[in-house]
Amino acid sequence: MGQSMPRWGMVIDLDRCSGCRGCVVACKQENNIAPSTQEQAESSRMISWINVITVVEGDYPDTKVRLLPMLCQQCENPPCVRVCPVGATQKSLQGIVGQIYPRCIGCRYCASACPYQVKYFNWFKPSWPREFEQSRNPSVCVRPKGVIEKCTFCVQRLQRARDQAAFEGRKVRSEGEYVPACVESCPAKAMYFGDLEDRSTQVAHLARDVRAFRVMDELGTGPNVIYLKEST
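Quick caveat: nothing in here was measured; it's all calculated off a predicted structure.

### Some words on the overall build of the protein
Part 1 of the argument: Helices and strands together make up the secondary structure of the protein, namely seven helices and 10 strands.
Part 2 of the argument: Scaling as 2.2 N^0.38, a compact globule of 232 residues should have a C-alpha radius of gyration of about 17 Å, and the protein matches this with 18 Å.
Part 3 of the argument: When its C-alpha atoms are laid out on the principal axes, the protein stretches across 60 × 45 × 40 Å.
Part 4 of the argument: The burial tally for the protein puts 45% of its 232 residues in the buried class.

This is how it looks when you write it as structure tokens:
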């Protein structure tokens, strides 16, 4: 059984990740992230709460390409929370760092403080082509122009799982009941999600694997996203 207060976390197996970016598409669709125009892309003002970073190692012809899915690391000690002057960025008791959009004043202090560069300022009023207007998720708000956006582990899905669990008179299960869109959509099954405090879960087991590492963990941020190194 898990503890009374879970700590939600993710493990990404880099051996399995193929770089298909299915997680990126699923995240955009689930969280109402508007498509970017060519002008926005050229000015580096695209919004994507999760990206697959390509790292090229070695000199040609002895090069190796490595892939690193990068999203909000949901830090235990998030620097973004400490610098927000209006309390728009907050960390929940269950380890999820979220955004309170009505409070955000767009000062971008949190984006500057984030060492992972996974916060995005919404420069433009979001809009969709007419054929996609009806595809938006009614469970997620459409953020206005001028606020910071970021991954929240699809917290709306957690709320739905909580409501169902409360209706059934139980707690949310430690694994499998609450799953972010990126994890659910990964065709290679490279992403795992669950309660890191419950040692019976697969995600907690993998987090203690010999291949496990956290990006820039030496900064003391305490990420709750753990990666498994490639075996070769």
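### So, the environment of Ala-204
Part 1 of the argument: Assignment of secondary structure puts Ala-204 in helix H7 (residues 202-207).
Part 2 of the argument: The residues contacting Ala-204, other than those within four sequence positions of it, are Asp-195, Leu-196, Asp-198 and Arg-199.

### With respect to the environment of Ser-139
Part 1 of the argument: Relative to the helices and strands, Ser-139 resides in the loop between strand S6 (120-121) and strand S7 (148-149).
Part 2 of the argument: Along the chain, Ser-139 and Glu-76 lie 63 residues apart, while their C-alpha atoms are 27 Å from each other.

### Brief notes about helix H5 (residues 155-167)
Part 1 of the argument: Compared with an ideal rise of 1.5 Å per residue, which puts 13 residues at 18 Å, H5 spans 18 Å between its outermost C-alpha atoms and is within 8% of the ideal.
Part 2 of the argument: Taken together, the buried positions of H5 are occupied by Gln-156, Arg-157, Leu-158, Ala-161 and Ala-165.
Part 3 of the argument: Looking one or two residues past H5, Gly-169 carries a phi angle of roughly 70°, positive in sign.

### Quick look at the pairing of strand S1 (residues 8-13)
Part 1 of the argument: The element S1 is largely enclosed, with a buried count of six among its six residues.
Part 2 of the argument: Residues Trp-8, Met-10 and Ile-12 of S1 are buried on one face, and the alternating residues Gly-9, Val-11 and Asp-13, pointing to the opposite face, are buried as well.
Part 3 of the argument: As paired strands, S1 and strand S8 (residues 191-195) are joined by five bridges and run antiparallel to one another. Bridge assignment links Val-11 to a residue of S8, and that residue is Tyr-192.

### Describing the sheet that holds S1
As a general point, the strands of a sheet are linked pairwise by backbone hydrogen bonds and lie either parallel or antiparallel.
Part 1 of the argument: Across the sheet, four strands lie side by side as S8-S1-S10-S9; this open sheet has mixed pairing. Because the sheet does not close on itself, it has two edges, and the strands there are S8 and strand S9 (212-213).

### Section: the pattern of salt bridges
Part 1 of the argument: Enumeration over the complete set of coordinates arrives at 13 salt bridges.
Part 2 of the argument: Close ionic contact of Arg-170 with Glu-168 constitutes a salt bridge, the shortest N to O distance being 2.6 Å.
Part 3 of the argument: Among the ionic pairs, Asp-209 bridges to Arg-211, the shortest N-O distance being 4.0 Å.
Part 4 of the argument: We classify Asp-209 as partly exposed; its relative accessible area is 28%.
Part 5 of the argument: Through salt bridges that share partners, Asp-13, Asp-15, Asp-209 and Arg-211 make up one connected network.

### Quick notes on the environment of Lys-171
Part 1 of the argument: Within the secondary structure layout, Lys-171 lies in the loop between H5 and helix H6 (181-185).
Part 2 of the argument: Residue classification places Lys-171 among the exposed residues on the basis of a relative accessible area of 58%.
Part 3 of the argument: For the pair Lys-171 and Tyr-120, spaced 51 residues apart in sequence, the C-alpha to C-alpha distance is 33 Å.

### Quick notes on unusual backbone geometry
Part 1 of the argument: Following Tyr-60, the chain continues to Pro-61 via a peptide bond in cis, the omega torsion being 5°.
Part 2 of the argument: Mapped onto the secondary structure, Pro-61 falls in the loop between strand S2 (50-57) and strand S3 (64-71).
Part 3 of the argument: Its identity is not glycine, yet Ser-44 carries a phi of approximately 60°, on the positive side.
Part 4 of the argument: In this structure, Ser-44 sits in the loop between helix H2 (38-42) and S2.
Part 5 of the argument: One non-glycine residue, Met-216, lies in the positive phi region at around 55°.
Part 6 of the argument: Relative to the helices and strands, Met-216 resides in the loop between S9 and strand S10 (225-228).

### A look at the packing of aromatic side chains
Part 1 of the argument: What the rule picks out here adds up to six aromatic pairs.
Part 2 of the argument: Aromatic pair Phe-121 and Trp-123: ring centres 4.9 Å apart, planes at 85°, arrangement edge-to-face.
Part 3 of the argument: Residue classification places Trp-123 among the partly exposed positions, given a relative accessible area of 29%.
Part 4 of the argument: Each residue in the set Trp-8, Phe-153, Tyr-178 and Phe-193 is aromatic and connected to the rest through ring pairs, giving one cluster.
Part 5 of the argument: Across from the ring centre of Trp-123, 3.6 Å away, lies the NZ or CZ of Arg-45, which sits over that ring.
Part 6 of the argument: The lysine or arginine in question, Arg-108, covers the ring of Phe-121, its NZ or CZ lying 4.7 Å from the ring centre.

Procedures and definitions
- Residues numbered from 1 in each chain as written.
- Predicted model: local features only at pLDDT ≥ 70, side-chain atom pairs only at ≥ 80, totals over all residues.
- Heavy atoms only, no water.
- Helix = DSSP H or I, 4+ residues; strand = E, 2+ residues; numbered from the N terminus.
- Rg over C-alpha atoms; globule rule 2.2 N^0.38 Å.
- Buried < 20%, exposed > 50% of the residue type's maximum accessible area, 1.4 Å probe, protein only.
- Contact = heavy atoms within 4.5 Å.
- Expected span 1.5 Å × (residues − 1).
- Pairing = 2+ DSSP bridges.
- Salt bridge = Lys/Arg side-chain N within 4 Å of Asp/Glu carboxyl O.
- Phe/Tyr/Trp six-rings, centres within 6.5 Å; stacked < 30°, edge-to-face > 60°.
- Lys NZ or Arg CZ within 6 Å of the ring centre and 35° of its normal.

Geometry only, nothing functional implied.
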